[in-house]
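Here is how the chains run, residue by residue.
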Amino acid sequence: MICVHCDYDFDSRGTRKVIAGGKINECADCVEELGTETAVKYLGCTSADGKMGGVSILAFDSNEARENYRAAWNNNIGMHKGKSAALSGSNTAMSGMKFRQVGENFGNSNHKGKL
Ligand SMILES: [Zn+2]
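Keep in mind that this is a model prediction, so the values were computed, not measured. (Residues numbered from 1 in each chain as written. Predicted model: local features only at pLDDT ≥ 70, side-chain atom pairs only at ≥ 80, totals over all residues.)

(A) Structural view of the overall build of the chain. Looking only at helices and strands, the chain features three helices and three strands. Put simply, the chain runs from its N terminus to its C terminus through helices and strands in the order α-α-β-β-α-β. Here the chain holds 115 residues, and 9% of them are scored as buried. For the chain, long-range pairs separated by at least 24 residues make up 43% of all intrachain contacts whose partners lie at least 6 apart in sequence. (Helix = DSSP H or I, 4+ residues; strand = E, 2+ residues; numbered from the N terminus. Buried ≥ 20, exposed ≤ 12 C-beta atoms within 10 Å, placed from the backbone. Contact = placed C-beta atoms within 7 Å.)

Rendered as structure tokens:
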């Protein structure tokens, strides 16, 4: 496959190209350089619920919304703060953020019949 931008003969199914995205006739370097990949990547959020980790796959309308959500999520679950799932007044508000949930795998809550 010859890149439409730089005439470089690249592997259109190579790992770098797959990760970089972009159009089929653009090499990975040009996709990154020109920023032609506009799809917003899915965001996986993990939570520690019971014994299993749960994961939610979320899709956003923009990278900005994705970043906002990720930042709020990381703050709320206490990432980088040495604690997990801490509830406090400093939690970032997560309401009003636009996203749709595209997949979910909640772990076993391990509630032993009690809710
Ligand atoms: Zn190129």
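And the narrative resumes.
(B) Seen up close, unusual backbone geometry. Although it is not a glycine, Asp7 sits at a positive phi angle of roughly 65°. With respect to the helices and strands, the residue Asp7 is situated in the segment before helix H1 (15-20).

(C) Fine view of the environment of Arg100. Within the secondary structure, Arg100 sits in strand S3 (residues 99-105). Arg100 sits in the exposed class, given 8 other C-beta atoms within 10 Å. The spatial distance from the C-alpha of Arg100 to the C-alpha of Ala59 is 5.4 Å, given a sequence separation of 41 residues.

(D) Inspection of the nonpolar core at higher detail. Formed by Cys3, Cys27, Ala28, Cys30 and Val31, the largest nonpolar core amounts to five residues. Leaving out residues up to four positions away in the same chain, Cys3 has contacts with Tyr8, Phe10, Asn25, Glu26, Cys27 and Cys30. (Core = buried A, V, L, I, M, F, W, Y, C linked by C-beta atoms within 7 Å.)

(E) Broad picture of the confidence of the model for the chain. Taken as a whole, the chain shows an average pLDDT of 73; of its residues, 52% reach a score of 70 or greater. Across the chain, the secondary-structure element scoring lowest on mean pLDDT is strand S1 (residues 43-49), at 63, and the one scoring highest is helix H2 (residues 28-34), at 89. (pLDDT = per-residue confidence, 0-100.)

(F) Examining the environment of Cys6 more closely. In this fold, Cys6 is placed in the segment before H1. Overall, Cys6 belongs to the partly exposed group, with 13 C-beta atoms counted inside 10 Å. Each C-alpha atom of the pair Cys6 and Asp29 lies 9.3 Å from the other, and the pair is 23 residues apart in sequence. Those residues in contact with Cys6, other than ones at most four positions away along the chain, are Cys27 and Cys30.

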